[in-house]
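# Overview (structure and organization)
Here are the chains, one letter per residue:
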Amino acid sequence: MPLFDLPLDELRSYTPVVAEPDDFDTFWQSTLREAAAVPVLVDVRAEPTDLRLVDTWDVTFAGFGGDPVRAWYTRPAGVDHPLPAVVEYLGYGRGRSLPHERLMWPVAGYAHLLMDSRGQSGRYGAGDTPDPRAGAPGGPWPVTWGILAPGDYYYRRLITDAVRAVQAVRALPGVDPSRVVVAGNSQGGGLALAVAGLVGDLAAVLTTAPFLCHVQRAVELTDASPYGEIVGYLAANRGAEDAVRRTLSYVDGVAFARRAVAPAQFGIGLRDTVCPPSTGFAAYNQYGAGNGRPTPPAREIHVYPFNQHEGGEAVQQRHQLSWLAAQFATAGETPPRQPKLSEKF
């Protein structure tokens, strides 16, 4: 597939003005304050997995409006001291599925919380979290649920769930609450950026092919889902454009990225037609630029010229592992154990 977006030399300096509503901060402060009125942990119970090297718990925490949100909490077996934790968010249309499907982080020595995405089960993976508040006017897909008003919008709920997941993992046994990382790909990457802009004491942020960045450009540039679902809604509801654009301005990842303070690593494929590369670069190039601090947070980006939405896949994961280990080593954490090979196997 040929490149359809800006060339790489332009992407590296691409810093568009992304409109923010005047009450952006007030909107999110009020939303999170309402969520905080409910105790975060609802239920934690051991989950049998037949895996000997990790232990898993089925966690339910209170998300937006106190709604129950499910998650898998997994950590290395037999490790008693508190560990850094990685909170992982899922891509669009995915559910948390089964706990043995995502083991990279606990095998690497981290506590791991995998958050289910409310109302998205069934397209690419099974989930256990319904969205009981999906009845507001809007289209038939999650990205268009309640899209006519910021207060009703689906991503107001999901982003709040994502923030509450950080609060939940900090309340779980075996977690060092001062060393919490957020991570995700696509929708998960967009959620990680949102949380980075809303939670000021994260240890690090890992985001690949982030969704919901520079959304106004994305819906003009691509018809691929999920942005194509917004396009389809507007094609059938021709008078809704102003309302839709206003709602989307409250969840744009560039606005969240500007407020972030934690070190961040990005990954982007230049042939990505799902989350066009210029939209991810818009967030990367402005990451931390509006957080009010004199020194910008550390950040790096890995670019994959011949990859689409899959990005670097396992290569990007390898970059994430080594980068995150270096972040914690800089902060005084013991670096990962390296294998020792004798002359003979």
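The present account deals with the structure reproduced in this document. Because the structure is predicted, anything quoted here is derived from the model rather than measured.

Read from one edge of the open sheet, nine strands run β1-β2-β3-β5-β4-β6-β7-β8-β9, paired in mixed fashion. Unpaired on one side and paired on the other, β1 (41–47) and β9 (299–304) mark the two borders of the sheet. Looking at each pair of strands side by side, their axes are set apart by 20° on average, direction ignored. Inspection of the sheet shows β1 paired to strand β2 (residues 54–62) by six bridges, in the antiparallel sense. Within the sheet, the bridge partner assigned to R45 lies in β2 and is D58.

It is worth spelling out the side chain of S249 at this point. Its place among the elements puts S249 in helix α8 (residues 241–249). On the accessibility criterion, S249 (9% relative accessible area) is buried. Within the structure, the side chain of S249 is placed 2.5 Å from the backbone oxygen of R246, a separation counted as a polar contact. Look past the residues within four positions of S249 in its chain and what remains in contact with it is A19, P21, F24 and Q216.

Quick look at the pattern of salt bridges now. One pass over the structure, following the stated rule, counts 19 salt bridges. Between R118 and D161 there is a salt bridge; the shortest N-O distance is 2.6 Å. Of this pair, R118 sits in the loop between β5 (111–115) and α4 (154–171) while D161 sits in helix α4, placing them 43 residues apart in sequence. Between D131 and R157 there is a salt bridge, and its shortest N-O distance comes to 2.8 Å. Here D131, found in the loop between β5 and α4, pairs with R157, found in helix α4; they are 26 residues apart in sequence, far enough to count as distant. When its relative accessible area of 3% is taken as the criterion, R157 is described as buried. Among the charged side chains, a salt-bridge network with shared partners connects D67, R118, D131, R133, R157 and D161.

In terms of residue burial, β5 counts as a mostly covered element, since five of its five residues are buried. Side chains of β5 alternate between two faces, with A111, L113 and M115 and H112 and L114 buried alike. Here four bridges tie strand β3 (residues 68–76) to β5, and the two strands are oriented antiparallel to one another. Its bridge partner being in β5, A71 is matched across the sheet by M115. Across four bridges, strand β4 (residues 83–89) lies against β5 in parallel orientation. Of the residues in β5, the one forming a bridge with V86 is H112.

Attention now moves to the state of the cysteines. Across all of its chains, the model carries zero disulfides by this definition. Of the cysteine sulfurs around C213, a residue in no disulfide, the closest is that of C275, at 7.8 Å. Given a relative accessible area of 0%, C213 falls into the buried group. A residue is classified by how much of its surface remains accessible, and C275, at 3% relative accessible area, is buried.

The rules behind these values
- Residues numbered from 1 in each chain as written.
- Predicted model: local features only at pLDDT ≥ 70, side-chain atom pairs only at ≥ 80, totals over all residues.
- Heavy atoms only, no water.
- Pairing = 2+ DSSP bridges.
- Helix = DSSP H or I, 4+ residues; strand = E, 2+ residues; numbered from the N terminus.
- Axes fitted to C-alpha atoms, helices over the stretch in contact; angles between N-to-C directions.
- Buried < 20%, exposed > 50% of the residue type's maximum accessible area, 1.4 Å probe, protein only.
- Polar contact = N/O pair within 3.5 Å; in protein donor to acceptor, adjacent residues only side chain to side chain.
- Contact = heavy atoms within 4.5 Å.
- Salt bridge = Lys/Arg side-chain N within 4 Å of Asp/Glu carboxyl O.
- Disulfide = S-S within 2.5 Å.

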